[in-house]
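Take a look at the letters that make up each chain.
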Amino acid sequence: MRDEKVWGVIRAGDACKYYTFFKEIFEAMGDFQKDYNWLITDIDGYPANDERYESFYREHNYLWLTGQELSDIVYEHDYQWIWAVLSGFDKSMKIDEILKYPFPYADGYPGFWKTDLSIQHPLAKVEIVAWDSSSTLFITKNYSQYLELIKNITKVVDLSEYNSDMYDEKMYSRWLEDNKQ
């Protein structure tokens, strides 16, 4: 449902040496990705020496993976994603239902850059976006996941605040400090 509240963070700038390696996020979030099945679209960047994923993506323009399969790829290869949208779905969702909607895309989606955030796929619960290897966007309908990411990953910024004309880094830093659990 489009009217559900959505929370998000951006990790960019001097937050880390590599912005779009997902292993650190998965570890910090207690391997939350295993709770979902994943539609991966708009991919640029593949695991080295692993033709399985590249050839399937070339043929279908998407990957459909269980959370465990995604974990295996990320933990085995820990490579940098340049562009990609990883949309997480309840495990009960069938791929046929998910494929009835347009594929999410990274470059040019306006919903990433508004204060009222949105997840592209209407059936997805969470979205992780590799943005030109310069930042990672994490957008979720689960407030607990949002708080967990803020608590466990260094130098993330609330995406709605980041998108706001009134963004003030000092004020946001105070808010983070006041709201740590």
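Refer to the structure above for everything that follows.
Residues numbered from 1 in each chain as written. Predicted model: local features only at pLDDT ≥ 70, side-chain atom pairs only at ≥ 80, totals over all residues. Heavy atoms only, no water.

> Just checking my understanding: could you explain the overall build of the protein chain for this structure?
A count of helical and extended segments in the protein chain gives seven helices and seven strands. For the protein chain, the α and β elements follow one another from N to C terminus as β-α-β-α-β-α-β-α-β-β-α-β-α-α. Counting the 181 residues in the protein chain, one finds 46% classified as buried. At a minimum sequence separation of 6, the contacts of the protein chain that also span at least 24 residues come to 71%. Summed over its atoms, the accessible surface of the protein chain is roughly 9,500 Å², and 47% of this surface lies on carbon and sulfur atoms. (Helix = DSSP H or I, 4+ residues; strand = E, 2+ residues; numbered from the N terminus. Buried < 20%, exposed > 50% of the residue type's maximum accessible area, 1.4 Å probe, protein only. Contact = heavy atoms within 4.5 Å. Areas by Shrake-Rupley, 256 points an atom, 1.4 Å probe, with all protein chains shown as cover.)

> I keep staring at the pattern of salt bridges and nothing clicks. Help me out?
Side-chain pairs of opposite charge can arise whenever the charged atoms involved come near each other. Overall, the coordinates contain two salt bridges when judged by the stated rule. Of the charged contacts in the structure, one is a salt bridge between Lys34 and Asp31, with a shortest N-O distance of 3.9 Å. Of the residues examined, Asp31 reaches a relative accessible area of 23% and is grouped as partly exposed. We note a salt bridge from Lys100 to Glu97, for which the minimum N-O separation is 3.0 Å. Classification of Lys100 as exposed rests on a relative accessible area of 61%. (Salt bridge = Lys/Arg side-chain N within 4 Å of Asp/Glu carboxyl O.)

> Would you take a moment to explain the nonpolar core for this structure?
Nonpolar side chains in soluble globular proteins generally cluster together in the buried interior. Within the largest apolar cluster, 28 residues are counted, with the highest numbers of intra-cluster contacts made by Phe22, Phe32, Trp38, Ile40, Leu70, Trp81 and Leu86. Secondary structure elements with two or more residues in this core: α1 (23-28), β2 (36-44), β3 (63-66), α3 (67-77), β4 (83-90), β5 (126-131) and α5 (143-152). Top contributing element to this core by residue count: β2, with four residues. Setting aside its immediate chain neighbours within four residues, Trp81 contacts Thr20, Phe22, Ile40, Asp44, Leu70, Val74, Leu86, Ala130 and Ser133. Counting residues in each nonpolar core, the second largest holds 18 residues, with Val85, Ile98, Val129 and Leu137 among its members. (Core = buried A, V, L, I, M, F, W, Y, C linked by side-chain atoms within 4.5 Å.)

> What is the right way to read the side chain of Gln145 from this model?
Mapped onto the secondary structure, Gln145 falls in helix α5. Gln145 sits in the buried class, given a relative accessible area of 8%. Of note is the side chain of Gln145, whose polar atom sits 2.9 Å from the side chain of Tyr36. With residues up to four places along the chain from it excluded, the contact list for Gln145 reads Met29, Phe32, Tyr36, Val126, Phe138 and Thr140. (Polar contact = N/O pair within 3.5 Å; in protein donor to acceptor, adjacent residues only side chain to side chain.)

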